[in-house]
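# Observations on the model geometry
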Amino acid sequence: MKMTFYKYQGTGNDFVILDNRLQIIDKKDTKRIAELCDRRFGIGADGFILLENDDQTDFKMVYYNADGNESSMCGNGGRCIVAFAKFLGVIENETEFIAIDGLHKAKIENEIVHLQMQDVLEIETFQDHLFLNTGSPHHVEMVSDLKDFEVKKNGSRIRYGEPYNEVGSNVNFVNQISSDHFAVRTYERGVEDETLSCGTGVTAVAIAMHKSGKTKSNIITLNTEGGDLKVTFDSNDNGYHNIWLVGPAEQVFKGEIEW
Ligand SMILES: N[C@@H](CCC[C@H](N)C(=O)O)C(=O)O
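Residues numbered from 1 in each chain as written. Predicted model: local features only at pLDDT ≥ 70, side-chain atom pairs only at ≥ 80, totals over all residues. Heavy atoms only, no water.

## Observations regarding the site of the ligand
In the neighbourhood of the ligand, 17 residues make up the surrounding shell, with Ser71, Gly75, Asn170, Gly199 and Thr200 lying closest. A distance of 2.6 Å separates an oxygen atom of the ligand from a polar side-chain atom of serine 71. The backbone of glycine 75 places a nitrogen or oxygen atom 2.7 Å from an oxygen atom of the ligand. Burial of the ligand by the protein chains amounts to 100% of its free accessible area of 360 Å². Residues that form the shell around the ligand fall into these classes: 5 nonpolar, 10 polar and 2 charged. (Near = heavy atom within 4 Å. Polar contact = N/O pair within 3.5 Å; in protein donor to acceptor, adjacent residues only side chain to side chain. Areas by Shrake-Rupley, 256 points an atom, 1.4 Å probe, with all protein chains shown as cover. Nonpolar A, V, L, I, M, F, W, Y, C, P; charged D, E, K, R; others polar.)

Structure follows, in structure tokens:
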């Protein structure tokens, strides 16, 4: 059967998105999803996303990594699916939708998508890194020379090493630019490579930098290889609340695939 697909990107993290409100897609077809995400033999993307109906919210987001496996939350994909829902006429400028990690609020202002992330109540602090879950698991480590840093080599070593092993973690390497501005490069599990940006990753970095005292600000700019994102939050003794990931999300092209 022929299906229309849409390609979106959010700060260079790119996704194939399909409208699956009629439940046409075989969601267990890992091989087909991986083929579509392949940059040489397919459309090419870091992830694959389905927009589906939900009884209680405006829509449901189902997220797969480029390897074809359903995974945990994708922040940039979340911003892109909000833009897609508006494009389809499913929402106007404000929404509540459901994803694998729970309910998300979002709004679109001047083409910029603001996505509310889950509260972060647990952060593990180690000598050279922090570990936290912002919808997806993230290892956050500061490095001195981010520009020339070997993200794929070091990221994959950490991702497959102790204590993460096969389940893995995404790995973020960070440089501080100013009191409230950081540069980030991320190795993503499930893509098994560096991506140009990771939304749950920059959210984790902003919170980790605040937790470790590198910044006192609760409005943080994150510079990724694919563009700038902002993360804002409130914090108290219990953790981090009212967390918002803010940035652009753009439809790049659409086409037809055989499914
Ligand atoms: N690109 C994403 C993260 C997607 C999920 C991740 N690869 C995982 O499996 O944990 C983002 O923007 O958050």
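Still more to cover.
## With respect to the nonpolar core
If you look at the biggest cluster of nonpolar residues, it comprises 49 residues, and the most contacted ones within it are Met61 and Leu222. The two domains that each donate at least three residues to this core are domain 1 (2-100 + 249-258) and domain 2 (123-248). Not counting the four nearest positions on each side in its chain, leucine 222 is found in contact with Phe182, Val184, Val202, Val205, Ala206, Gly227, Asp228, Leu229 and Val231. Met3, Ile33, Tyr64 and Ile257 belong to the second-largest nonpolar core, a separate cluster that totals 15 residues. (Core = buried A, V, L, I, M, F, W, Y, C linked by side-chain atoms within 4.5 Å. Buried < 20%, exposed > 50% of the residue type's maximum accessible area, 1.4 Å probe, protein only. Domains from an automatic or database assignment. Contact = heavy atoms within 4.5 Å.)

## Notes on a nonpolar patch on the surface
Where nonpolar side chains cluster on the molecular surface, the patch consists of Met1, Leu22 and Ile24 and spans about 330 Å² of accessible area. Looking at the element boundaries, leucine 22 is found in the loop between strand 2 (13-19) and helix 1 (30-37). (Patch = residues over 30% accessible without salt bridge, like charges linked within 9 Å, V, L, I, M, F, W, Y side chains within 5 Å. Salt bridge = Lys/Arg side-chain N within 4 Å of Asp/Glu carboxyl O. Helix = DSSP H or I, 4+ residues; strand = E, 2+ residues; numbered from the N terminus.)

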